[in-house]
Amino acid sequence: PEPSGEVKGSRRVQLYAFAVSHLPSMDLMGKCDPFVRAVFGSEVHETSVIKNTYDASFEESFVLDVVSYDDEPDALVADVTVRVLDHDLVSASDEVGAVSIPGDVLKRAALADLGWEAEVQFDVLSRGRHVVGHDRKRCVIRMKVRVLEGLVGLDPPGAEELAAAGEWRRVRVTVVRVQHLPSMDVWGKCDPFCRLVFAGQHGATGWKKSTYDAVFDETFDFDLQVPPPGEAAPPLEIQVMDHDVVSAADLVGTVIVSARLMTHVTCTNVGWEGEAKLEVAKGGRPVVGKDKAWCVLTVKLALLEGMVAFAPPEEDPLETRPRSLQITIGSVQHLPKMDVIGKCDPFCVLHFRGGRETTEVKKKTLDATFDASWAWDIHNVMEQVGALNIGVKDYDLMTQDDHVGAVEVSAEVMQRILRAPVGWHAQALLPLLLDGKTVVGQDGRLASVSLQASVFESRVKPRLLHILVVGCTHLPKKDLLGACDAYAIAEYGDLTVRTKVVYNAYSAVWNKPMVVRMDDPAGNGALSFKVMDWDRLTKDDIVGVCAISPEKLVEVSAMPPGETMVQHLRILTRGGVPTLGKDKQPTRLEVHLRVEEIEHGAQVLQGDPEEQHSAPVAVDTSLHVRVTTGYHLPLDLCGRCHLPPEEDSLGREVHLSLGLGGEEQSSAVRGGQAGGGEIRGWGENVRWMQDFRFEQEEDMAAPSGDEALTSAGRRKLREQRADPGLVFTVFDKGFGGMGG
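Residues numbered from 1 in each chain as written. Predicted model: local features only at pLDDT ≥ 70, side-chain atom pairs only at ≥ 80, totals over all residues. Heavy atoms only, no water.

**Some points on the overall build of the protein chain**
And step 1. If you tally the helices and strands in the protein chain, you get 6 helices and 43 strands.
And step 2. Buried positions account for 45% of the 740 residues belonging to the protein chain.
And step 3. Restricting to contacts in the protein chain with at least 6 residues of sequence separation, those with at least 24 account for 69%.
And step 4. Accessible surface, the protein chain: about 38300 Å² in total, of which carbon and sulfur atoms supply 51%. (Helix = DSSP H or I, 4+ residues; strand = E, 2+ residues; numbered from the N terminus. Buried < 20%, exposed > 50% of the residue type's maximum accessible area, 1.4 Å probe, protein only. Contact = heavy atoms within 4.5 Å. Areas by Shrake-Rupley, 256 points an atom, 1.4 Å probe, with all protein chains shown as cover.)

In structure tokens:
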């Protein structure tokens, strides 16, 4: 046809009045059961089946949305493929042949004047050859073509800024009104309602009783991602139904907004709105109402912002202040029904930085509000963090909790959030996924989780972990002519500390300190130890290994500053078998852990403080002794200690003296009238509850390295072993403080 000079918006092309002649015999015991299938892009239309014939006429019509925008004159239009098939009841349908209508021909037809109509005839081809019918004549297909006005109001303009593939959009569909309905009930009119299906989601309006003209004005939101170039969005299908109380609802007709048009709607500018009246069809034919007019459905479409992901700013290299990261789970909406008798009992499980956090359980709901927050102190902004994973589960009292779905914020995004400026905050609405697919709720909408991320200045001081590798007991015999020359290696992250060697012993004492930062106790892995046997000529032998898990380190990092945790770790072989000592007892490593707070920005030299010239952190290696109770004290000279303190007129005063390495310290006086203790006779007790502290002298440490091999070194070891060690002396001051 000649192109029209007044083409505005979009056009539709209608194919109808299909007729196939001179069909071949396709059945062994019959003729042919033909039907026609038309494919246009992602749209597929089919006619009904005509049984046992060589010449068939079909009354169905296909309407194709051929969109031609004024600002896109060179836009390509897909070809239309019309296939003639032979229906088989048991097996797949056989193809008789096909006809292809080029897209440029279809576009020229769409640009004609409204109402232009023509009848066309094509030879049916199969594998490039003409199909010959039963009567030796060429098989042909005839059809009529008519140009219709486009869906006025539903032809969105091209987007000013192209949406990126994968971005979320929300299409809002408003079912306004259905008019000219047919009579569907024997004793009444029609009880209409509408069902909507789009992008795997669904919805339904309420039903109106006994009418031919129903007003709904109900709105439905559907979320979907912008399709990649070359792919199309799914079509929007709206079914007009007649409600029946006793039986299933009857189909009045269907309205389909094509995939091509919905793709343009999805990719247009956010905020666009449109409205159109759409013909209701059934079986390819328009539905005629009680008043003999075509049944029409009025629909509004609008494009809104869809799911929103976190979009942190680009990192600022000058922003290095310690900060706290707070994640808040706001709500979970549009959940599916998970219980047979009930709705859903949702709760959330958050995994981040090796930790696990759980919200409370919300009972019997499909929309749960939690407003649960957790904060992590980040002292090192360059710390590498993993993804944030939030799982939604359905609580079950008797059985295992059911997994509803999960959302994940990638490690890359979390890294950018971590390095965002202090004060940054944002909200996100993420779709719930199960096995890579979106979860559709009971109301037909996509289930979603709302999150909030905030970065604010940290008020918690950074922490150091002081590790003291004390020693190892019950060592095995590793040398042919000796016991074991043991030393230990401690590793945490990139830090490694090695102790001295204790020669020819089955128990080793090292008291080796190590200092590490506790910026990320869960992300740096375990604190591992390796006990080795030193050999002078050959490679050192491994005695065994042990480790303190990241979960345990998280617990240690939460201890009050200054408190010490003592760990007795069992040494294992590389195969996981416990190492046994010479005395057949399990070999154990003793480690002391203590946490200390430091000021923000303080420079800390990690690792071995003994090897650092100016270590900013002092490691406490002094000996702390707490004396609590003296048991089973003997009688005094008068044998009067059996009396209560108020009856002991002479009084009995007991004190304690501690000596270590030439240093002596005394306790306060306890007992009698002077100390107020509880000395009540033979076998009774005295409570002191007093702390003592002795500094470790350098010459008390055993020699290490080659020094231990010299005669002076061996003499030093013997002298130290002859040292009486820590000496406790208990005194009774006797009569009125005389004697002792």
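Once you've had a look at it, read on.
**Observations concerning the nonpolar core**
One broad rule of soluble globular proteins: the nonpolar side chains tend to lie buried together.
And step 1. Core analysis: the largest hydrophobic core is formed by 40 residues, its most contacted members being Phe310, Ile329, Leu350, Met414, Ile417 and Leu432.
And step 2. Contributions of two or more residues to this core are made by strand E21 (323-333), strand E22 (346-352), strand E24 (368-378), strand E25 (388-394), strand E26 (402-409), helix H3 (411-418), strand E27 (425-431) and strand E30 (448-457).
And step 3. If we skip the residues at most four places from it in the chain, methionine 414 touches Leu325, Ile327, Phe352, Val385, Gly386, Ala387, Leu388 and Val409.
And step 4. If you look at the next biggest cluster of nonpolar residues, it comprises 35 residues, including Val171, Val173, Leu196 and Ala214. (Core = buried A, V, L, I, M, F, W, Y, C linked by side-chain atoms within 4.5 Å.)

**Here we look at the sheet that holds strand E31 (residues 463-473)**
Strand-to-strand pairing in sheets goes through backbone hydrogen bonds, with the strands running parallel or antiparallel.
And step 1. If you trace the 4 strands from one edge of the open sheet to the other, you get E34-E31-E38-E37, paired in antiparallel fashion. Only two strands of the sheet have a single partner each, and these edge strands are strand E34 (508-517) and strand E37 (564-570). Neighbouring strand axes in the sheet, compared pairwise and without regard to direction, differ in orientation by 20° on average.
And step 2. Strand contacts of helix H4 (residues 550-557): E31, E37 and strand E38 (588-597), with the helix running at about 165° to E37, the strand carrying the most contacts. (Pairing = 2+ DSSP bridges. Axes fitted to C-alpha atoms, helices over the stretch in contact; angles between N-to-C directions.)

**Notes on the pattern of salt bridges**
And step 1. This structure, assessed with the given rule, holds 13 salt bridges.
And step 2. In this structure, the salt-bridge partner of arginine 83 is glutamate 95, at a minimum N-O distance of 3.3 Å. On the criterion of sequence distance, the pair formed by arginine 83 in strand E5 (residues 80-86) and glutamate 95 in strand E6 (residues 94-101) is long-range, its members being 12 residues apart.
And step 3. Between glutamate 167 and arginine 169 there is a salt bridge whose closest N-O contact spans 3.2 Å.
And step 4. Exposure remark for glutamate 167: the relative accessible area of 32% places this residue in the partly exposed category.
And step 5. Among the charged side chains, a salt-bridge network with shared partners connects Glu167, Arg169 and Glu305. (Salt bridge = Lys/Arg side-chain N within 4 Å of Asp/Glu carboxyl O.)

**Observations regarding the side chain of threonine 47**
And step 1. Relative to the elements of secondary structure, threonine 47 occurs in the loop between strand E3 (43-46) and strand E4 (56-66).
And step 2. Those residues in contact with threonine 47 that sit more than four places away from it in its chain are Phe35, Val36, Phe58, Glu60 and Phe62.

**Focus on the packing of aromatic side chains**
And step 1. Evaluated as defined, the whole model comprises 4 aromatic pairs.
And step 2. Each ring, one from phenylalanine 352 and one from tryptophan 376, has its centre 5.0 Å from the other, and the planes form 85°; the classification is edge-to-face. Residue phenylalanine 352 is located in strand E22, and its partner tryptophan 376 is located in strand E24; the two are separated by 24 residues in the primary sequence. For the pair shown, phenylalanine 352 and tryptophan 376 are each scored as buried.
And step 3. The interplanar angle of 85° and the centroid separation of 5.4 Å between the aromatic rings of tyrosine 503 and tryptophan 534 together place this pair among those described as edge-to-face. Within this pair, whereas tyrosine 503 is found in the loop between strand E33 (495-498) and E34, its partner tryptophan 534 is found in the loop between strand E35 (527-533) and strand E36 (541-548), the two being separated by 31 residues in sequence. Summarising the burial analysis for this pair, tyrosine 503 and tryptophan 534 share the class buried.
And step 4. Over the aromatic face of tyrosine 487 sits the side chain of arginine 498, whose NZ or CZ is 3.9 Å from the ring centroid. (Phe/Tyr/Trp six-rings, centres within 6.5 Å; stacked < 30°, edge-to-face > 60°. Lys NZ or Arg CZ within 6 Å of the ring centre and 35° of its normal.)

**Considering the pairing of strand E12 (residues 192-198)**
And step 1. Taking burial as the measure, the 7 residues of E12 include 5 buried ones, the bulk of the element.
And step 2. Two strands pair when backbone bridges link them, and E12 and strand E15 (residues 236-242) are joined in this way by 6 bridges, in the antiparallel orientation. Among the inter-strand pairings, proline 192 is bridged to a residue of E15, identified as aspartate 242.
And step 3. With 4 bridges connecting them, E12 and strand E13 (residues 201-204) associate as antiparallel partners.

**Quick notes on the sheet that holds E24**
And step 1. An order of E24-E21-E30-E27 is seen for the 4 strands of this open sheet, with the pairing classed as antiparallel. Edge strands, defined here as strands with exactly one partner in the open sheet, are E24 and E27. Averaged over neighbouring strand pairs, the angle between their axes works out to 20° when direction is ignored.
And step 2. Both E21 and E24 contribute to a ladder of 9 bridges, which runs antiparallel. Looking at the pairing, arginine 323 lines up with isoleucine 378 of E24.
And step 3. Lying on the sheet, H3 is in contact with E21, E24 and E30; it crosses E21 at an angle near 130°.

**Some words on H4**
And step 1. Listed as buried for H4 are Pro550, Leu553, Val556 and Ser557. The buried residues of H4 occupy an angular sector of 105° when the element is viewed end-on, so they sit on one face.
And step 2. Buried-residue contacts for H4 involve E31, strand E32 (486-492), E35, E36, E37 and E38. (Arc of directions from axis to C-beta.)

**Re helix H1 (residues 103-110)**
And step 1. All of the buried residues in H1 are Gly103, Leu106, Lys107, Ala109 and Ala110. All buried residues of H1 project into a common sector of 160° when viewed along the axis, lining one side.

**Brief notes about the side chain of glutamate 60**
And step 1. Considering the arrangement of structural elements, one finds glutamate 60 in strand E4.
And step 2. We note that glutamate 60 is buried and unpaired, the nearest opposite charge coming from arginine 285 at a distance of 5.4 Å.
And step 3. Polar contacts involving the side chain of glutamate 60 include one to the side chain of serine 48, which spans 2.9 Å.
And step 4. With residues up to four places along the chain from it excluded, the contact list for glutamate 60 reads Leu15, Tyr16, Ala17, Phe18, Thr47, Ser48, Gly283 and Gly284. (Lys, Arg positive; Asp, Glu negative; His and termini not counted. Polar contact = N/O pair within 3.5 Å; in protein donor to acceptor, adjacent residues only side chain to side chain.)

**Some points on the environment of valine 381**
And step 1. Looking at where valine 381 falls in the secondary structure, it is placed in the loop between E24 and E25.
And step 2. For valine 381, a relative accessible area of 5% gives the class buried.
And step 3. Separated by 39 residues in sequence, valine 381 and alanine 420 place their C-alpha atoms 9.3 Å apart.

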